[in-house]
Amino acid sequence: MLTTHKLTASYGDFQALFDISIELKEGETVAIIGSNGAGKSTFLRSLAGLIKNSHEAITFNGTAIGALAANHVLEQGIALVPEGRRLFPSLSVEENLKIGAYLHRKGHWTLERIYSLFPILEKMRSRPGTALSGGQQQMVAIGRALMSNPRLLLCDEISLGLAPTTIKDIYAALPSIKADGTTVILVEQDINQALSVSDRFYCFQEGRVSLTGRPGEVDMAHIKAAYFGV
Ligand code: ATP
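Cut-offs applied
- Sequence order sets the numbering: in each chain, residues are counted from 1 along the sequence as written.
- Reporting of local features is limited, given that this is a predicted model, to residues whose pLDDT is at least 70; pairs of side-chain atoms are given and counted only at 80 or more, and all residues count toward the totals for whole chains, interfaces and linings.
- Note that the side-chain values use all heavy atoms of the structure and ignore hydrogens as well as water.
- Helix numbering and strand numbering both begin at the N terminus, where a helix is a DSSP run of H or I of at least 4 residues and a strand a DSSP run of E of at least 2.
- Every radius of gyration here is taken over C-alpha atoms, with the globule rule written as 2.2 Å times N^0.38, N being the number of residues.
- Whether a residue is buried, partly exposed or exposed follows from its accessible area with a 1.4 Å probe, protein chains only, as a fraction of its type maximum: under 20%, in between, or over 50%, in that order.
- In this description, contact between two residues means that some pair of their heavy atoms is separated by no more than 4.5 Å.
- Calculation of accessible area relied on Shrake-Rupley with a 1.4 Å probe; when residues are assessed, cover is drawn exclusively from the protein chains displayed.
- Charge assignment in this entry is limited to Lys and Arg as positive and Asp and Glu as negative, and neither His nor the chain termini are counted.
- Where a charge lies is defined by one atom per residue type: Lys uses NZ, Arg uses CZ, Asp uses CG and Glu uses CD.
- As used in this structure description, the phrase polar contact means that two N or O atoms lie within 3.5 Å; if the pair is within protein, one of them must be able to donate a hydrogen and the other to accept it, and residues adjacent in sequence are counted only when both atoms belong to side chains.

Q: Mind showing me how you'd approach the overall build of the protein here?
A: Scanning the protein from N- to C-terminus turns up 10 helices and 10 strands. The C-alpha radius of gyration of the protein comes to 17 Å, within 12% of the 17 Å expected for a compact globule of 230 residues. Counting across all 230 residues of the protein, residues that qualify as buried make up 50%. For the protein, contacts bridging at least 24 residues in sequence account for 66% of all contacts bridging at least 6. By element, 51% of the accessible surface of the protein is carried by carbon and sulfur atoms, the whole surface being about 10,600 Å². Computed over 22 positive and 22 negative side-chain charges, the inter-centroid distance for the protein is 4 Å.

The structure is reproduced here in C-alpha coordinates:
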(Lines give C-alpha, C1' and ligand atoms only; values in the text may rest on other atoms or scores of the structure.)
Protein backbone atom coordinates (compact mmCIF):
# COMPACT_ATOMS: atom_id res chain seq x y z
CA MET A 1 0.00 0.00 0.00
CA LEU A 2 2.74 2.42 0.99
CA THR A 3 6.43 2.32 0.21
CA THR A 4 9.13 4.84 0.85
CA HIS A 5 12.28 4.66 -1.20
CA LYS A 6 15.43 6.23 0.21
CA LEU A 7 13.40 9.03 1.77
CA THR A 8 15.47 11.87 3.19
CA ALA A 9 14.47 15.03 5.06
CA SER A 10 16.39 18.08 6.19
CA TYR A 11 15.81 21.24 8.19
CA GLY A 12 18.12 23.71 6.50
CA ASP A 13 21.62 22.24 6.68
CA PHE A 14 20.58 19.64 9.25
CA GLN A 15 19.68 16.24 7.78
CA ALA A 16 17.07 14.53 9.99
CA LEU A 17 16.32 11.42 7.86
CA PHE A 18 18.68 9.29 5.77
CA ASP A 19 17.48 6.83 3.10
CA ILE A 20 14.39 5.53 4.85
CA SER A 21 12.92 2.63 2.88
CA ILE A 22 9.87 0.98 4.39
CA GLU A 23 6.85 -0.99 3.14
CA LEU A 24 3.34 -1.26 4.52
CA LYS A 25 0.59 -3.67 3.52
CA GLU A 26 -3.05 -2.65 3.59
CA GLY A 27 -4.65 -3.28 6.99
CA GLU A 28 -1.38 -3.52 8.91
CA THR A 29 -0.64 -1.61 12.10
CA VAL A 30 3.01 -0.65 12.12
CA ALA A 31 4.87 1.05 14.96
CA ILE A 32 7.73 3.49 14.51
CA ILE A 33 9.69 3.53 17.75
CA GLY A 34 12.81 5.45 18.69
CA SER A 35 14.16 7.87 21.26
CA ASN A 36 13.86 11.68 21.29
CA GLY A 37 15.07 13.23 18.07
CA ALA A 38 15.34 9.92 16.16
CA GLY A 39 13.28 11.39 13.31
CA LYS A 40 9.90 9.72 13.90
CA SER A 41 7.80 12.90 13.65
CA THR A 42 9.81 14.10 10.69
CA PHE A 43 9.03 10.82 8.95
CA LEU A 44 5.28 11.13 9.61
CA ARG A 45 5.30 14.77 8.51
CA SER A 46 7.04 13.69 5.30
CA LEU A 47 4.34 11.07 4.64
CA ALA A 48 1.63 13.66 5.31
CA GLY A 49 3.07 16.11 2.76
CA LEU A 50 4.17 18.66 5.37
CA ILE A 51 7.79 18.11 4.33
CA LYS A 52 8.21 17.77 0.58
CA ASN A 53 10.34 15.10 -1.04
CA SER A 54 10.92 13.83 -4.54
CA HIS A 55 7.73 12.32 -6.01
CA GLU A 56 9.31 8.85 -6.19
CA ALA A 57 10.34 8.82 -2.51
CA ILE A 58 6.79 7.89 -1.44
CA THR A 59 4.40 5.62 -3.33
CA PHE A 60 0.83 5.16 -2.12
CA ASN A 61 -1.43 2.65 -3.87
CA GLY A 62 0.81 2.77 -6.91
CA THR A 63 0.88 6.58 -7.15
CA ALA A 64 4.03 8.61 -6.51
CA ILE A 65 3.03 11.22 -3.90
CA GLY A 66 6.32 12.37 -2.36
CA ALA A 67 6.08 15.92 -3.71
CA LEU A 68 2.36 16.48 -3.15
CA ALA A 69 1.18 19.24 -0.81
CA ALA A 70 -0.54 18.16 2.42
CA ASN A 71 -4.11 18.81 1.18
CA HIS A 72 -3.50 16.59 -1.86
CA VAL A 73 -1.98 13.87 0.32
CA LEU A 74 -5.14 14.01 2.45
CA GLU A 75 -7.22 13.68 -0.73
CA GLN A 76 -5.33 10.47 -1.45
CA GLY A 77 -6.46 9.11 1.94
CA ILE A 78 -3.56 9.76 4.31
CA ALA A 79 -4.48 11.61 7.53
CA LEU A 80 -2.20 12.74 10.34
CA VAL A 81 -2.99 12.94 14.06
CA PRO A 82 -0.25 15.45 14.88
CA GLU A 83 1.91 15.46 17.97
CA GLY A 84 0.39 17.89 20.48
CA ARG A 85 -3.16 17.45 19.04
CA ARG A 86 -3.27 20.95 17.51
CA LEU A 87 -7.00 21.57 17.91
CA PHE A 88 -8.46 24.87 16.74
CA PRO A 89 -8.83 26.75 20.07
CA SER A 90 -11.71 28.99 19.01
CA LEU A 91 -13.83 26.07 17.73
CA SER A 92 -16.06 23.62 19.59
CA VAL A 93 -15.40 19.89 19.75
CA GLU A 94 -17.96 19.29 17.01
CA GLU A 95 -16.58 22.03 14.77
CA ASN A 96 -13.07 20.60 15.19
CA LEU A 97 -14.39 17.19 14.16
CA LYS A 98 -16.30 18.58 11.15
CA ILE A 99 -13.18 20.29 9.84
CA GLY A 100 -11.71 16.82 9.32
CA ALA A 101 -14.44 16.10 6.78
CA TYR A 102 -13.91 19.17 4.62
CA LEU A 103 -12.75 17.15 1.61
CA HIS A 104 -15.90 14.98 1.68
CA ARG A 105 -14.01 11.75 1.05
CA LYS A 106 -16.44 8.85 0.96
CA GLY A 107 -16.33 6.30 3.77
CA HIS A 108 -17.92 5.02 6.95
CA TRP A 109 -16.75 7.68 9.39
CA THR A 110 -19.40 10.17 10.45
CA LEU A 111 -19.90 12.34 13.53
CA GLU A 112 -22.21 9.65 14.96
CA ARG A 113 -19.55 6.98 14.59
CA ILE A 114 -16.91 9.18 16.20
CA TYR A 115 -19.30 9.78 19.10
CA SER A 116 -19.91 6.07 19.49
CA LEU A 117 -16.15 5.47 19.45
CA PHE A 118 -15.56 8.20 22.07
CA PRO A 119 -18.93 8.73 23.87
CA ILE A 120 -17.52 11.45 26.14
CA LEU A 121 -17.10 13.72 23.12
CA GLU A 122 -20.82 13.75 22.40
CA LYS A 123 -21.46 15.12 25.89
CA MET A 124 -18.88 17.82 25.28
CA ARG A 125 -19.74 18.55 21.66
CA SER A 126 -20.40 22.29 22.23
CA ARG A 127 -17.41 22.98 24.44
CA PRO A 128 -14.26 24.62 23.08
CA GLY A 129 -11.78 21.88 22.19
CA THR A 130 -9.22 23.42 24.49
CA ALA A 131 -11.57 23.19 27.54
CA LEU A 132 -11.15 19.40 27.51
CA SER A 133 -8.64 17.24 29.34
CA GLY A 134 -5.52 16.13 27.47
CA GLY A 135 -7.01 12.68 26.84
CA GLN A 136 -10.28 14.13 25.54
CA GLN A 137 -8.37 16.50 23.26
CA GLN A 138 -6.47 13.51 21.93
CA MET A 139 -9.78 11.81 21.16
CA VAL A 140 -10.89 14.89 19.20
CA ALA A 141 -7.61 14.91 17.27
CA ILE A 142 -8.06 11.23 16.36
CA GLY A 143 -11.74 11.80 15.52
CA ARG A 144 -10.88 14.77 13.30
CA ALA A 145 -8.42 12.66 11.32
CA LEU A 146 -10.95 9.80 11.00
CA MET A 147 -13.59 12.23 9.69
CA SER A 148 -11.52 12.47 6.50
CA ASN A 149 -12.13 8.72 5.98
CA PRO A 150 -8.44 7.89 5.62
CA ARG A 151 -7.05 4.66 4.26
CA LEU A 152 -3.84 5.32 6.17
CA LEU A 153 -3.90 6.93 9.62
CA LEU A 154 -0.65 8.41 10.96
CA CYS A 155 -0.64 8.77 14.76
CA ASP A 156 2.14 10.85 16.31
CA GLU A 157 2.71 10.10 20.02
CA ILE A 158 -0.96 9.78 20.92
CA SER A 159 -0.06 8.67 24.46
CA LEU A 160 2.33 11.54 25.20
CA GLY A 161 1.70 13.16 28.60
CA LEU A 162 -1.42 11.12 29.35
CA ALA A 163 -2.21 9.01 32.44
CA PRO A 164 -2.04 5.21 31.97
CA THR A 165 -5.84 4.76 32.27
CA THR A 166 -6.42 7.43 29.61
CA ILE A 167 -3.86 5.81 27.31
CA LYS A 168 -5.77 2.54 27.74
CA ASP A 169 -9.06 4.27 26.78
CA ILE A 170 -7.49 5.79 23.67
CA TYR A 171 -5.84 2.59 22.53
CA ALA A 172 -9.16 0.75 23.08
CA ALA A 173 -10.40 2.59 19.96
CA LEU A 174 -7.77 0.99 17.75
CA PRO A 175 -9.61 -2.30 16.99
CA SER A 176 -12.66 -0.34 15.70
CA ILE A 177 -10.40 1.78 13.52
CA LYS A 178 -8.63 -1.30 12.14
CA ALA A 179 -11.91 -3.16 11.60
CA ASP A 180 -12.64 -0.95 8.59
CA GLY A 181 -9.36 -2.03 7.01
CA THR A 182 -7.65 1.25 7.91
CA THR A 183 -3.88 0.92 7.88
CA VAL A 184 -2.22 2.58 10.87
CA ILE A 185 1.27 3.91 11.58
CA LEU A 186 1.88 4.59 15.26
CA VAL A 187 4.80 6.71 16.38
CA GLU A 188 5.54 6.07 20.04
CA GLN A 189 8.39 6.52 22.49
CA ASP A 190 6.82 3.89 24.74
CA ILE A 191 8.18 0.65 23.28
CA ASN A 192 5.84 -1.68 25.18
CA GLN A 193 2.71 0.28 24.29
CA ALA A 194 3.66 0.40 20.63
CA LEU A 195 4.64 -3.25 20.31
CA SER A 196 1.56 -4.53 22.14
CA VAL A 197 -0.78 -3.32 19.38
CA SER A 198 1.39 -3.57 16.25
CA ASP A 199 1.88 -6.23 13.59
CA ARG A 200 5.39 -4.98 12.80
CA PHE A 201 7.76 -2.28 13.92
CA TYR A 202 10.57 -0.12 12.61
CA CYS A 203 13.05 1.32 15.09
CA PHE A 204 14.63 4.66 14.14
CA GLN A 205 17.92 5.88 15.46
CA GLU A 206 19.52 9.17 14.42
CA GLY A 207 17.44 9.38 11.26
CA ARG A 208 18.01 5.81 10.09
CA VAL A 209 16.13 2.53 10.42
CA SER A 210 18.17 0.60 12.99
CA LEU A 211 15.94 -2.48 13.27
CA THR A 212 12.72 -3.90 11.88
CA GLY A 213 10.71 -6.97 12.79
CA ARG A 214 7.61 -8.39 14.38
CA PRO A 215 6.90 -7.96 18.09
CA GLY A 216 7.51 -11.28 19.80
CA GLU A 217 9.99 -12.41 17.15
CA VAL A 218 12.78 -10.02 18.16
CA ASP A 219 14.10 -10.11 21.70
CA MET A 220 13.88 -7.02 23.86
CA ALA A 221 17.67 -6.72 24.21
CA HIS A 222 17.99 -6.27 20.44
CA ILE A 223 15.16 -3.75 20.38
CA LYS A 224 16.66 -1.73 23.24
CA ALA A 225 20.08 -1.72 21.57
CA ALA A 226 18.54 -0.47 18.30
CA TYR A 227 16.51 2.12 20.24
CA PHE A 228 19.31 3.55 22.34
CA GLY A 229 22.17 2.82 19.97
CA VAL A 230 24.23 1.00 22.58
P1 ATP B 1 10.49 13.37 19.53
O2 ATP B 1 10.05 12.10 20.12
O3 ATP B 1 11.33 14.19 20.45
O4 ATP B 1 9.40 14.15 18.84
P5 ATP B 1 11.34 12.42 16.93
O6 ATP B 1 11.92 11.05 16.81
O7 ATP B 1 9.94 12.60 16.51
O8 ATP B 1 11.56 12.93 18.42
P9 ATP B 1 11.92 14.60 15.17
O10 ATP B 1 10.98 15.55 15.87
O11 ATP B 1 11.52 14.07 13.86
O12 ATP B 1 12.29 13.39 16.13
O13 ATP B 1 13.32 15.33 15.05
C14 ATP B 1 14.42 14.75 14.35
C15 ATP B 1 15.57 15.72 14.39
O16 ATP B 1 15.22 16.89 13.64
C17 ATP B 1 15.93 16.21 15.80
O18 ATP B 1 17.33 16.32 15.88
C19 ATP B 1 15.26 17.56 15.88
O20 ATP B 1 15.98 18.42 16.76
C21 ATP B 1 15.33 18.05 14.46
N22 ATP B 1 14.19 18.92 14.13
C23 ATP B 1 12.88 18.60 14.23
N24 ATP B 1 12.10 19.64 13.83
C25 ATP B 1 12.95 20.64 13.47
C26 ATP B 1 12.77 21.95 12.96
N27 ATP B 1 11.56 22.45 12.73
N28 ATP B 1 13.88 22.68 12.69
C29 ATP B 1 15.13 22.17 12.90
N30 ATP B 1 15.37 20.93 13.36
C31 ATP B 1 14.29 20.17 13.65
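Q: Any chance you could explain unusual backbone geometry here in plain terms?
A: Non-glycine residue N149 carries a positive phi angle of around 50°. Looking at the element boundaries, N149 is found in the loop between α6 (134–146) and β7 (152–156).

Q: Help me understand the side chain of S159 in this model?
A: Relative to the helices and strands, S159 is located in the loop between β7 and α7 (164–171). There is a polar contact of 2.7 Å between the side chain of S159 and the side chain of E188. Leaving out residues up to four positions away in the same chain, S159 has contacts with I167, Y171 and E188.

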